[in-house]
Structures are given as structure tokens and as C-alpha cells.
Amino acid sequence: MIALSPEELKSRASRIRLVLSDNDGVFTDNGVYYSERGEEFKRFSIRDGMGVERLRAHGVETGIITGEVSPSLVRRAQKLHIEHLYLGVGDKLSRLAEVLRDTGLATFQIAYIGDDVNDLGIMQAISADGLAATPKDGLHFVEPYIHYRSAADGGRGGFRDFAEWLIALRAS
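Overview of the structure. (Residues numbered from 1 in each chain as written. Predicted model: local features only at pLDDT ≥ 70, side-chain atom pairs only at ≥ 80, totals over all residues. Heavy atoms only, no water.)

Description of the pairing of strand β7 (residues 131–134)
Stage number 1. The alternating pattern of β7 places Leu131 and Ala133 on one face and Ala132 and Thr134 on the opposite face, and all of these are buried.
Stage number 2. As paired elements, strand β6 (residues 110–113) and β7 share three bridges and run parallel to each other. In the strand pairing of β7, Tyr112 is matched with Ala132.
Stage number 3. Taken together, β6, helix α5 (residues 120–127) and β7 constitute a β-α-β crossover, and its handedness is right-handed.
Stage number 4. Pairing geometry for β7 and strand β8 (residues 148–149), over two bridges, is parallel. Paired with Ala133 across the two strands is Tyr148, which belongs to β8. (Buried < 20%, exposed > 50% of the residue type's maximum accessible area, 1.4 Å probe, protein only. Helix = DSSP H or I, 4+ residues; strand = E, 2+ residues; numbered from the N terminus. Pairing = 2+ DSSP bridges. Right-handed = clockwise from strand over helix to strand, strands pointing away.)

What to know about the pattern of salt bridges
Stage number 1. Under the defined criterion, the tally for this structure stands at ten salt bridges.
Stage number 2. Between Lys42 and Asp24 there is a salt bridge whose closest N-O contact spans 2.9 Å. On the criterion of sequence distance, the pair formed by Lys42 in the loop between β3 (40–41) and α2 (46–57) and Asp24 in the loop between β1 (18–21) and β2 (33–34) is long-range, its members being 18 residues apart. Asp24 matches Lys42 in its accessibility class, with the two residues each being buried.
Stage number 3. If you follow the salt bridges from partner to partner, you end up with Asp22, Lys92 and Asp119 in one network. (Salt bridge = Lys/Arg side-chain N within 4 Å of Asp/Glu carboxyl O.)

Okay, structure coming up:
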């Protein structure tokens, strides 16, 4: 974990304008459910959705960048009014330039929460100047690039916990 002084954490948090997130393992519990017809279902936490709303109320947008192309995720993003949705992304780091171009932001204005090896590149790039986190059950691979490990697992309030941590830092 990256250790920063409380003052530096507060300073970085005050600059954040966008929280980007992975989907599976952050907004979902990493489970995939199939019916006998092959339909895919994912479980999303209502608490995490409230985290999106709370961030928006504090002037912070949210976005999702994922390797998945999931109709259920598109519906969830629409319901939560998440405008920055990047689906089918194999290399999240290479997509970061597009995110910066789309939003007009710099990396020091972005936070990222992810949980696995496919998040490492973007987490490393953002954690240098912004903030990075993982849910409680995020894998050990991300540990060198995070500033915060949520108290809750992915899909079970991990995003919400990170959102509340960020909001509290901004208010302190």
C-alpha cells in the first residue's frame, strides 16, 4: 500500500473530479450466474449505487472501465446516470488517454478502484498523482498501487466504502 501523509491524502482527494472503477469484483461480487438458456446475470449492490449518487452530490463523477460487454452493466450504468462507460476494454491503461480526452481531466483529478491484475496498469498510472483503491477482497497484486483498501468486499459495499472515504477526506 502507498503510504501518504494525511495532508497529502486530503490534498489529492480535494482535486478528484472522476472516480473510475472496474466492474467485476468492484460493483459485482465476481459471480456470474447462468440459466439453462445461457442467460448471464450479475449481482449489483444497492449500497454501491448510493456511493455513486453520494459522489455526484459532492461534485465527483463516476465511470466504469471494464473488459466485459454486458447488457446488465449497461442497464445499471443507465440507472445510476454513469456517463463514462467503457466496455470491452482489454488494456485499461491504453484507454486512459481516451478518458482524459473525453473528460478534459488530468490523472491527478482521477481516482480508480480495481481488484485484479487487469487493473494494474491503470492503477499504477493514476496512483502516481491521483488516488487508487481496492475492495477488501481485492487481490494482492494491486497492493503496491493503492492508497486505500475498503472495509467491504466487491459487490457488497466496497465501492460505497471507498466513496465515503473519499468524501470524508474532501470534507476534512
